[in-house]
Amino acid sequence: MLNALTIDVEDYFQVHAFEAYVERGNWDRFPLRVGDNVARLLDLVDEFSVHATFFILGWVAERLPATVREIHKRGHEIACHGYGHQLIYRIGPKRFREDIRRAKKILEDTVGVEIRGYRAPTYSITKDSLWAFDELIEEGFSFDSSVFPVYHDTYGLPDAPRFPFTIRRETGNLLEFPLSTLPLKVAGVHYHLPIAGGGYLRLLPVSLIRWGIEQINSHEGKPAVLYLHPWEIDPGQPRIKAGWKSRFRHYNNLAGTEAKLRYLLQGVPYGTMSDVLLTEGEGGACKTTP
């Protein structure tokens, strides 16, 4: 069973956790670390002969085109993370379309291939922004990985399917690859435990993440998706003054992420999101018109 390895390419100061503390207009004042961190990740996945999908922020691609070309040169899939890393349900349809159109063009001009995949900043396709699927379809995207079937204070579509499915809209169809979860039942209540990576990878025992992926593969016969950010393997990054919750979400266990990733890549097959979706087919159908 092939699983999808995905990297969300953004820098440490661009994350939603620091949005209230770092002005967007000051981004260029921060030292870029994302290029070096991506280079480390490229070497790491080369060790395991793994190809991944890199969801790249347009703002980063604009400033580091050589990094984007190197990702593509090494055989990885280039996909879109938008341009300005803003929550979709806050910026609305018009600004969202401008954002993805700008980012898609930057990436396509940089590597000379069609960009087919998208992932929303902070997984911000929620019940309040289902219109984003129409914008993605009309802008030429064929797959998305923004749906997180969990309850969370910033994102989540808790009732969404847990595995790849087809979103059917009047504007067309879009393949969706939701972030991986495990079903749990506690005191008679059903929950989805997020095991897809990122902060959950840093917080949870890596053996639980590995077990969860194996359960999804062997017991449910479905692919899983693993994600992380380049800044998550960079414990030496500058510390930004922020509230305790933001600091915890961002800085917790940065020193252990690389070792955890290496453990998860050993003996578990991974590929690009397109490779997995091609193997999986269209999966189930889900009409999401609000």
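Above this text sits the structure in question.
Before going into details, it helps to say that this report is about the structure given with it. Because the structure is a prediction, the values reported are computed rather than measured.

Quick notes on helix H7 (residues 206-218)
Here is step 1 of the chain: The end-to-end C-alpha distance of H7, which contains 13 residues, comes to 18 Å, matching closely the 18 Å that a straight helix rising 1.5 Å per residue would cover.
Here is step 2 of the chain: Looking only at H7, the buried set comprises Val206, Ile209, Arg210, Gly212, Ile213, Gln215, Ile216 and Asn217.
Here is step 3 of the chain: Check the buried side of H7 and you find it contacts strand S1 (3-9), strand S8 (181-186), helix H6 (199-203), helix H9 (257-265) and strand S11 (270-271).

With respect to the nonpolar core
Here is step 1 of the chain: If you look at the biggest cluster of nonpolar residues, it comprises 94 residues, and the most contacted ones within it are Leu5, Phe54, Ile56, Tyr118, Phe148 and Tyr270.
Here is step 2 of the chain: If we ignore the near neighbours within four places in the chain, the residues touching Ile56 are Val9, Ala61, Val68, Ile71, Ile78, Ala79, Cys80, His81, Gly82 and Leu107.

Details of the packing of helix H3 (residues 65-73) against helix H4 (residues 88-111)
Here is step 1 of the chain: Across the interface, H3 lies against H4 with an axial gap of 9 Å and an inter-helix angle of 65 degrees. Taken together, the axes of H3 and H4 lie roughly perpendicular to each other. Like other packed secondary-structure pairs, H3 and H4 cross with a definite hand, here right-handed. For the pair formed by H3 and H4, the contact residues are Pro65, Val68, Arg69 and His72 on the first element and Leu107, Thr110 and Val111 on the second.
Here is step 2 of the chain: Residue composition of the contact of H3 with H4, grouped by class: four nonpolar, two polar and one charged.

Remarks on the pattern of salt bridges
Here is step 1 of the chain: Overall, the coordinates contain 25 salt bridges when judged by the stated rule.
Here is step 2 of the chain: The shortest N-O distance in the salt bridge between Glu258 and Arg262 comes to 3.5 Å. On the criterion of helical spacing, the pair formed by Glu258 and Arg262 is a turn pair, its members being four residues apart in helix H9.
Here is step 3 of the chain: Taking the relative accessible area as the measure of exposure, Glu258 reaches 24% and is therefore partly exposed.

Scoring rules and cut-offs
- Residues numbered from 1 in each chain as written.
- Predicted model: local features only at pLDDT ≥ 70, side-chain atom pairs only at ≥ 80, totals over all residues.
- Heavy atoms only, no water.
- Helix = DSSP H or I, 4+ residues; strand = E, 2+ residues; numbered from the N terminus.
- Expected span 1.5 Å × (residues − 1).
- Buried < 20%, exposed > 50% of the residue type's maximum accessible area, 1.4 Å probe, protein only.
- Contact = heavy atoms within 4.5 Å.
- Core = buried A, V, L, I, M, F, W, Y, C linked by side-chain atoms within 4.5 Å.
- Axes fitted to C-alpha atoms, helices over the stretch in contact; angles between N-to-C directions.
- Parallel < 35°, antiparallel > 145°, perpendicular 65-115°, else oblique.
- Left-handed = near helix turned anticlockwise from the far one by under 90°.
- Nonpolar A, V, L, I, M, F, W, Y, C, P; charged D, E, K, R; others polar.
- Salt bridge = Lys/Arg side-chain N within 4 Å of Asp/Glu carboxyl O.

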